[in-house]
Amino acid sequence: MGDVAAVPVIIDCDPGHDDALALLLAVGDPRLRLLGVTTVAGNQTLAKTTSNALKILALAGAVDVPVAAGCDRPLVGELTVAGDIHGESGLDGPDLEVPVGGVADVHGVELMRRLILGCGEPVTLIATGPLTNVALLLRRHPEVAPYVRRVVFMGGSTDRGNTTPYGEFNIVTDPEAADIVLRSGLPVTMIGLNVTHQALATTQIIEEFRGMGTRLGVICADLMTFFASTYRRVFGFEHPPVHDPIAVACVIDPSIIATVAVPVTVELVGAYTRGATVVDLHGRSGAVANADVAVGIEVEAFWRLLMAAVRRVSEV
Ligand code: RIB
Ligand code: CA
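Rules used throughout
- Residues numbered from 1 in each chain as written.
- Chains lettered and ligands numbered in written order.
- Predicted model: local features only at pLDDT ≥ 70, side-chain atom pairs only at ≥ 80, totals over all residues.
- Heavy atoms only, no water.
- Donors = N, O, S within 2.8 Å, 3.2 Å for Na, K, Ca; no water.
- Buried < 20%, exposed > 50% of the residue type's maximum accessible area, 1.4 Å probe, protein only.
- Phe/Tyr/Trp six-rings, centres within 6.5 Å; stacked < 30°, edge-to-face > 60°.
- Helix = DSSP H or I, 4+ residues; strand = E, 2+ residues; numbered from the N terminus.
- Lys NZ or Arg CZ within 6 Å of the ring centre and 35° of its normal.
- Patch = residues over 30% accessible without salt bridge, like charges linked within 9 Å, V, L, I, M, F, W, Y side chains within 5 Å.
- Areas by Shrake-Rupley, 256 points an atom, 1.4 Å probe, with all protein chains shown as cover.
- Salt bridge = Lys/Arg side-chain N within 4 Å of Asp/Glu carboxyl O.
- Axes fitted to C-alpha atoms, helices over the stretch in contact; angles between N-to-C directions.
- Parallel < 35°, antiparallel > 145°, perpendicular 65-115°, else oblique.
- Contact = heavy atoms within 4.5 Å.
- Pairing = 2+ DSSP bridges.
- Near = heavy atom within 4 Å.
- Polar contact = N/O pair within 3.5 Å; in protein donor to acceptor, adjacent residues only side chain to side chain.
- 1 Å grid on protein atoms, 1.4 Å probe; cavity = no way out; pocket = protein on both sides within 12 Å on 5 of 7 lines; lining within 4 Å.
- Sits in = over half its atoms within 2 Å of the grid points.
- Nonpolar A, V, L, I, M, F, W, Y, C, P; charged D, E, K, R; others polar.
- UniProt positions renumbered as here; feature names shortened; annotations may be inferred.

This part is about the coordination of the calcium ion (ligand 2). Taken together, D14 (OD), D19 (OD), D19 (OD), T128 (O) and D244 (OD) make up the full set of protein donors to the calcium ion (ligand 2), lying 2.1 to 2.6 Å away. If you list the donors of the calcium ion (ligand 2) from N- to C-terminus, the spacing comes out as D-x4-D-x108-T-x115-D. Judged by its relative accessible area of 0%, D19 falls in the buried class.

Structure below.
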């Protein structure tokens with residue numbers, strides 16, 4: 001991979017089948033230095049997303065990566081988990097019995113603060129769940145902002161939603177948090193459903209995981225097989241979209257996605273549209289661009305990146 005210095009990142013996640021692949025990609029690609037993982041309530045409760053993050057990192061041989069649990073509910077309103085998609089555990093499908101590392105005895109927001117201020121160079125925050133922890137970090141600790149290189153989040157969409165007609169799950173779960181992040185003035189990249197729905201874990205992909213001949217490969221295949229069953233039942237998808245690893249892949253290789261710099265606002269009060277990302281693709285609002293929004297993806301290059309990382313981790 002050449003001698004380019006690895007990019008320091010923190011992943012804030014709600015594992016979650018696709019979050020699991022995001023973590024494996026971050027651990028397995030040498031172009032990233034995973035400083036730490038923070039967990040948030042979203043796909044499942046905080047206790048379950050935290051336990052799941054620990055399991056995935058242990059399976060990846062990365063028990064040295066610090067993990068801290070963050071917020072257990074959105075800033076406003078109540079949590080609604082996605083058990084219909086990710087199952088009761090949040091990672092239904094495979095047998096994930098594995099000895100895990102411990103959880104840091106600090107809140108996830110405090111771990112983020114310490115890692116960012118202690119890194120010695122700007123840190124990229126990659127969020128693959130509701131933005132509650134990231135928003136709280138920026139509100140509680142504005143002193144970290146100069147040391148945040150970019151916030152890359154999976155969430156929203158330039159078109160329709162998946163949780164409400166116009167709302168994507170991560171944003172609908174905590175619209176106020178997304179609003180805080182998008183108004184922060186930090187460099188922000190938004191990876192929405194309009195792009196992630198193109199990265200489908202097809203039968204061929206699942207068989208490639210299974211064909212790796214490793215326990216981790218089989219686990220990834222079983223995770224995607226379960227994810228395929230719920231996406232087929234709930235959304236009528238033939239194959240499940242792996243949303244979250246795209247947010248990691250574009251930090252590793254920015255050419256994986258195409259983006260446009262446009263204004264994005266979050267609908268907070270719409271009776272039917274609360275949590276929608278209002279992406280002004282044609283400059284109709286006259287507002288200043290506040291996000292780089294993904295509008296295209298090199299799907300084959302993305303899968304090659306992810307598969308190579310999982311193979312690398314499987315050899316641990
Ligand atoms: O809408 C998809 C997003 O919501 C993904 O991050 C998935 O893991 C869930 O968190
Ligand atoms: Ca997620």
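The final tally for this structure, using the stated rule, is 5 aromatic pairs. Their ring planes at 35° and their centres at 4.8 Å tell us that Y231 and F235 sit as a pair that is tilted. Of this pair, Y231 and F235 both sit in helix α10 (residues 215–235), 4 residues apart, which is roughly one turn of the helix. Its relative accessible area of 4% is what places Y231 among the buried residues. Members of the aromatic cluster, each reached through a chain of ring pairs, are F227, Y231, F235 and F237. Over the ring of Y166 we find R160; its NZ or CZ atom is 4.4 Å from the centre of that ring.

Another point: a nonpolar patch on the surface. Side chains of V260, L281 and V295 sit close together on the surface and give an oily, nonpolar patch of about 190 Å² of accessible area. Here L281 is to be found in the loop between β9 (277–279) and β10 (291–297).

Our next topic: the packing of helix α1 (residues 17–28) against helix α11 (residues 245–252). For any two helices packed against each other, one specifies the inter-axial angle together with the distance between the axes. Orientation of α1 relative to α11, taken along the N-to-C sense of each, is 25°, at an axis distance of 8 Å. Classified by the angle their axes make, α1 and α11 are roughly parallel. Of the residues in α11, those touching α1 at D18, L21, A22, L25 and A26 are P245, V248, A249 and I252.

So, about the pairing of strand β6 (residues 188–191). Burial along β6 is two-sided: V188 and M190 facing one way and T189 and I191 facing the other are all buried. Bridge count for β6 against β10 is 2 bridges, and the pairing is parallel. When the sheet's bridge partners are listed, M190 is paired in β10 with V293.

Taken together, D14, D18, D19, N43, T128, M154, N162, E168, F169, N170, H243 and D244 make up all the residues around ligand 1. In this structure, N43 approaches ligand 1 through a side-chain N or O atom, which is 3.0 Å from an oxygen atom. Take D244: an N or O atom from its side chain is 2.6 Å from an oxygen atom of ligand 1. Here ligand 1, which alone exposes 270 Å², has 97% of that area covered by the protein. At a threshold of 2 Å from the grid points, most atoms of ligand 1 map onto the largest pocket. For the shell around ligand 1, the secondary structure elements donating two or more residues are α1 and α6 (169–173). A class-by-class count of the residues in the shell around ligand 1 yields 2 nonpolar, 5 polar and 5 charged.

Let us now look at the side chain of N194. Along the chain, N194 falls in helix α8 (residues 193–196). Each residue touching N194, except ones within four places of it in the same chain, is listed here: S157, T158, D159, A294 and V295.

To continue, consider the UniProt feature "domain: Inosine/uridine-preferring nucleoside hydrolase" (unreviewed entry) in the protein chain. Sites flagged by UniProt as "domain: Inosine/uridine-preferring nucleoside hydrolase" (unreviewed entry) map to residues 9–304. From the first C-alpha to the last, residues 9–304 spans 21 Å; its make-up is 37% helix and 17% strand.

For V299, the location among the structural elements is in helix α12 (residues 299–314). Here the alpha-carbon distance between V299 and N52, two residues 247 residues apart in the chain, equals 27 Å. Not counting residues within four places of it along the chain, the set of residues in contact with V299 comprises Q198 and A199.

With that out of the way, let us pick up helix α5 (residues 132–140). Here α5 lies mainly inside the structure; 7 of its 9 residues are buried. Within α5 the residues assigned to the buried category are T132, N133, V134, A135, L136, L137 and L138. Considering only its buried residues, α5 is in contact with β1 (7–13), β2 (32–39), α4 (108–117), β4 (123–127), β5 (148–154) and α7 (175–182).

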